[in-house]
Amino acid sequence: VQFVESGGGLVQPGGSLRLSCAASGFTFSTWSMSWFRQAPGKERELVATITNAAGSTNYGDSVKGRFTISRDNAKNTVFLQMNSLKPEDTAVYYCNRFFPRTSWGKGTLVTVSS
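Below, the structure is looked at part by part.

Quick notes on the rules
Residues numbered from 1 in each chain as written. Predicted model: local features only at pLDDT ≥ 70, side-chain atom pairs only at ≥ 80, totals over all residues. Heavy atoms only, no water. Pairing = 2+ DSSP bridges. Helix = DSSP H or I, 4+ residues; strand = E, 2+ residues; numbered from the N terminus. Axes fitted to C-alpha atoms, helices over the stretch in contact; angles between N-to-C directions. Buried < 20%, exposed > 50% of the residue type's maximum accessible area, 1.4 Å probe, protein only. Core = buried A, V, L, I, M, F, W, Y, C linked by side-chain atoms within 4.5 Å. Patch = residues over 30% accessible without salt bridge, like charges linked within 9 Å, V, L, I, M, F, W, Y side chains within 5 Å. Areas by Shrake-Rupley, 256 points an atom, 1.4 Å probe, with all protein chains shown as cover. Salt bridge = Lys/Arg side-chain N within 4 Å of Asp/Glu carboxyl O. Phe/Tyr/Trp six-rings, centres within 6.5 Å; stacked < 30°, edge-to-face > 60°. Lys NZ or Arg CZ within 6 Å of the ring centre and 35° of its normal.

Right, let's talk about the sheet that holds strand E3 (residues 17-24) for a bit. Read across the sheet, four strands follow the order E1-E3-E8-E7 without closing on themselves; strand pairing throughout is antiparallel. Of all strands in the sheet, those bounded by a partner on one side alone are strand E1 (2-6) and strand E7 (67-72). Here the strands of the sheet are splayed against their neighbours by 15° on average, with no regard to which way each runs. The pairing of E7 with strand E8 (residues 77-82) spans six bridges and is antiparallel. Bridge assignment links serine 70 to a residue of E8, and that residue is phenylalanine 79.

The next point concerns unusual backbone geometry. In this structure, the amide linkage connecting phenylalanine 99 to the following residue, proline 100, adopts the cis form with an omega of -10°. Along the chain, the position of proline 100 falls in the loop between strand E9 (91-97) and strand E10 (108-112). Positive phi, close to 50°, is recorded for asparagine 76, a residue that is not glycine. Looking at the element boundaries, asparagine 76 is found in the loop between E7 and E8. Look at asparagine 76 and you get partly exposed, because its relative accessible area is 27%. In this model, serine 84 sits at a positive phi of 50°, which is unusual for a non-glycine residue.

The subject of this paragraph is the sheet that holds strand E4 (residues 33-38). The strand order E2-E10-E9-E4-E5-E6 describes an open sheet built from six strands, whose pairing is mixed. Where the open sheet ends on each side, the last strands, each with one partner, are strand E2 (9-11) and strand E6 (57-59). Sheet twist, expressed as the average angle between the axes of neighbouring strands with direction ignored, equals 25°. With five bridges joining them, E4 and strand E5 (residues 45-50) adopt antiparallel strand pairing. For tryptophan 35, the partnering residue across the bridge sits in E5 and is alanine 48.

Attention shifts here to the nonpolar core. With 27 residues, the main nonpolar core has Trp35, Val78, Leu80, Met82 and Tyr93 as its most contacted residues. Looking at this core, the elements with two or more residues in it are E3, E4, E5, E7, E8, E9 and E10. The element contributing the most residues to this core is E3, with four residues.

Residues Leu46, Phe98 and Phe99 make up a contiguous nonpolar surface patch of roughly 310 Å² in combined accessible area. Looking at where leucine 46 falls in the secondary structure, it is placed in strand E5.

This paragraph deals with the packing of aromatic side chains. The final tally for this structure, using the stated rule, is five aromatic pairs. For the pair tyrosine 94 and tryptophan 104, a centre-to-centre distance of 5.8 Å together with 75° between the ring planes defines the contact as edge-to-face. Remark: tryptophan 104 occurs in the loop between E9 and E10 and tyrosine 94 occurs in strand E9; sequence separation between them is ten residues. Since its relative accessible area comes to 33%, tryptophan 104 is described here as partly exposed. Clustering of aromatic rings is evident, with ring pairs tying together Phe3, Phe26, Phe28 and Trp31. The ring of phenylalanine 79 has arginine 18 lying over it, and the distance from NZ or CZ to the ring centre is 4.0 Å. When the ring centre of phenylalanine 26 is taken as reference, the NZ or CZ atom of arginine 97 above it lies at 5.1 Å.

This is the structure:
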């Protein structure tokens with residue numbers, strides 16, 4: 001199982017970024033997928049989840065209304081569109097299966113700063 005996250009970078013408050021995660025090594029279309037993030041000195045937290053058929057999504061309270069999770073099962077890829085970014089969104093972002101989780105990728109760093 002492998003996850004390769006990309007799309008992070010430095011963005012000003014109020015800006016947007018779109019993260020991508022390419023998954024391999026398992027039957028992607030049959031699993032609910034999630035984005036997680038870990039800020040410096042903090043525990044990793046669940047940000048957003050999408051079901052296997054993309055019929056349902058769920059978001060953490062801190063990102064609800066600003067982030068959108070989506071997936072392309074034909075490309076084994078899950079996305080996270082992040083709008084209205086805030087400095088407190090600064091973290092390394094990871095994708096993984098919702099449950100049970102498996103090995104983690106390297107993540108992609110998002111820095112929100114002026």
